[in-house]
Amino acid sequence: MLEDPPEYLHQGLAAQHDRRDVPVGGHRRGDDRQGPDALPAYRAAGLVCLLPFVQAGGCALSWMPDTDALARAIIEGASALGAGTLSVVHGDGDGWPELARQVGEEAAAAGLESGGSAALAVLAPQDRFARLVAVTEVGGPVLTVADCGLGSFAALAEAARDRTVWAVHPQMCAVRRARTAVTALAQALVDAPAVRGHALSAAVRARSGVLLAAGGGVVGDGWRISRLHVVCPARDPH
């Protein structure tokens, strides 16, 4: 989940090619529809598409975990915390209302009642956590989508200081996914500077530091639920 893609990703990708052959890099959260919809145009242009931050298949290479499993992970977390009810607040745009709808469906399927004060799910960019939590009266534990690789993680950590907050986060943070993608691309072009199109895509896949599944995403990757302060040992918010 990425609301502010690292600038070095775009710089690193653009530095590899001239404007006619630049690989497509990025697509942020909120591009879950636009990214895949753009793939036919990328394929027709012979462009390599690297997507560390959203799911995709086809000609694109994606390092993002299965976002369809995110709602299930949130409900499994609420159930594991012993919550019989779950309140949900969400941000506007960037796919958050759709995620809230999916969480609602998964909650109903699991027998969790909507509303109540047993637990709260906050579905929004990390820097909006404080504002959304402030308008609720839920005193129980909070589940929130997080990524320690984003600059906004510090704002989340500060806002969560006096709450019991569980982060629902990718096993590979945004920075690691971006670096893995760019490193594989750079290695492919060092080995074969003239390679383009599908051959370049295959070369990047072959050099990825983590194994990519045939249908997209990292083999064995997924969503973890951790106390916020242990999400990243190298970046303890406390």
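Data block above holds the structure.
To keep things clear, this report deals only with the structure shown in the data block.

Rules used in this analysis
- Residue indices begin from 1 for each chain and proceed along its sequence in written order.
- Since the coordinates come from a predicted model, pLDDT governs what is reported: local features require at least 70, and pairs of side-chain atoms require 80 or more to be given and counted, while whole-chain, interface and lining totals use all residues.
- Side-chain figures throughout are based on the complete set of non-hydrogen atoms in the structure, without hydrogens or water.
- A helix here means a DSSP run of H or I that spans at least four residues, while a strand means a run of E at least two residues long, and both kinds are numbered starting from the N terminus.
- Using a 1.4 Å probe on the protein chains alone, a residue whose accessible area is under 20% of its type maximum counts as buried, one over 50% counts as exposed, and one in between counts as partly exposed.
- The protein chains shown are the only cover counted for residues, whose accessible areas, like all others here, come from Shrake-Rupley with a 1.4 Å probe.
- Angles shown run from 0 to 180 degrees and are taken between the N-to-C directions of axes, each axis being a line fitted to C-alpha atoms and, for helices, limited to the stretch in contact.
- Roughly parallel refers to an angle under 35 degrees, roughly antiparallel to one over 145, roughly perpendicular to one between 65 and 115, and oblique to any angle outside these ranges.
- Here is the rule for handedness: rotate from the far helix to the near one, and if that takes an anticlockwise turn smaller than a right angle the crossing is left-handed, while a clockwise turn gives right-handed.
- Should any heavy atoms of two residues lie within 4.5 Å, those residues are counted as being in contact.
- Each residue is assigned to one of three groups, with Ala, Val, Leu, Ile, Met, Phe, Trp, Tyr, Cys and Pro labelled nonpolar, Asp, Glu, Lys and Arg labelled charged, and all others, Gly among them, labelled polar.
- Polar contact criterion, stated in full: a pair of N or O atoms within 3.5 Å, where within protein one must be able to donate a hydrogen and the other to accept it, and residues adjacent in sequence count only if both atoms are side-chain atoms.
- A pair is scored as a salt bridge if a Lys or Arg side-chain nitrogen falls within 4 Å of a carboxyl oxygen belonging to Asp or Glu.
- Note on terminology: pairs of cysteine sulfur atoms within 2.5 Å are recorded as disulfides.
- Any two strands between which DSSP finds at least two bridges are classified as paired.
- What we call a nonpolar core is a set of buried Ala, Val, Leu, Ile, Met, Phe, Trp, Tyr and Cys residues that are connected through their side-chain atoms within 4.5 Å.

1. As for the overall build of the protein chain
- Summing up its helical and strand segments, the protein chain has eight helices and nine strands in all.
- Across the 238 residues of the protein chain, 52% fall into the buried class.
- For the protein chain, the exposed area adds up to about 10,900 Å²; of that, 50% sits on carbon and sulfur atoms.

2. What about the packing of helix H3 (residues 70–80) against helix H4 (residues 96–110)?
- With their axes 8 Å apart at the nearest point, H3 and H4 run at an angle of 50° to one another. Compared by their axis directions, H3 and H4 come out oblique. As for the relative orientation of H3 and H4, their crossing is right-handed in sense. Two secondary-structure elements touch here, H3 through Leu-70, Ala-71, Arg-72, Ile-74 and Ile-75 and H4 through Leu-99, Gln-102, Val-103, Glu-106, Ala-107 and Ala-110.
- The residue makeup of the contact of H3 with H4, split by class, is eight nonpolar, one polar and two charged.

3. Overview of the environment of Asp-147
- Mapped onto the secondary structure, Asp-147 falls in the loop between strand E7 (142–145) and helix H6 (153–159).
- Of note is the side chain of Asp-147, whose polar atom sits 3.0 Å from the backbone nitrogen of Ala-174.

4. Quick word on the pattern of salt bridges
- A complete count under the given rule lists five salt bridges for this structure.
- With its nearest N and O atoms 2.5 Å apart, the salt bridge here joins Arg-101 to Glu-98. One end of the pair is Arg-101 and the other is Glu-98, both in helix H4 and three residues apart, which spans about a single turn.
- Residue classification places Arg-101 among the partly exposed positions, given a relative accessible area of 40%.
- The exposure class of Glu-98 is partly exposed, given its relative accessible area of 36%.
- Between Arg-177 and Asp-147 there is a salt bridge, with the nearest N and O atoms lying 3.6 Å from each other. One end of the pair, Arg-177, is in helix H7 (residues 174–191); the other, Asp-147, is in the loop between E7 and H6, and 30 residues separate them in sequence. Comparing Arg-177 with Asp-147, the two get one shared label, buried.
- The network of salt bridges with common partners includes Glu-98, Arg-101 and Glu-105.

5. So, the state of the cysteines
- Counting across every chain of the model gives zero disulfides.
- Unpaired in terms of disulfides, Cys-148 finds its nearest cysteine sulfur in Cys-232, a separation of 3.8 Å.

6. Structural notes on the sheet that holds strand E5 (residues 113–114)
- The mixed open sheet is built from six strands, whose spatial order is E5-E4-E6-E7-E8-E9. Of all the strands in the sheet, the pair left with one neighbour each is E5 and strand E9 (223–227).
- The pairing of strand E6 (residues 120–123) with E7 spans three bridges and is classified as parallel. Directly across from Val-122, in E7, lies its bridge partner Thr-144.
- Its contacts with the sheet put H3 on strand E4 (85–90), E6, E7, strand E8 (165–170) and E9, and the angle it makes with E7 is roughly 160°.

7. Some points on H3
- Within the sequence span of H3, burial applies to Leu-70, Ala-71, Ala-73, Ile-74, Ile-75, Gly-77 and Ala-78.
- Lining the buried residues of H3 we find E4, H4, E6, E7, E8 and E9.
- A positive backbone phi angle near 80° is found at Gly-82, which sits one or two residues after H3.

8. Some points on the environment of Gly-140
- With respect to the helices, strands and loops of the structure, Gly-140 is situated in the loop between helix H5 (129–134) and E7.
- Take Gly-140: its relative accessible area is 16%, and that puts it in the buried class.
- Residues Gly-140 and Thr-164, 24 residues apart in the sequence, show an inter-C-alpha distance of 7.5 Å.
- With sequence-adjacent residues up to four places away left out, Gly-140 is seen in contact with Ser-117, Ala-118 and Arg-163.

9. Re the nonpolar core
- Among the nonpolar cores identified, the biggest contains 24 residues, and Ile-74, Leu-86, Leu-99, Val-103 and Leu-123 are the most heavily contacted of them.
- Elements with a contribution of two residues or more to this core: H3, H4, E6, E7 and E8.
- In terms of residue count, the dominant contributor to this core is H3 (six residues).
- Once residues lying within four places of it in the same chain are set aside, the contact partners of Val-103 are Ala-71, Ile-74, Ile-75, Leu-86, Val-88 and Leu-123.
- Formed by 22 residues, the second largest nonpolar core is a distinct cluster that contains Cys-148, Leu-156, Ala-160 and Val-175.

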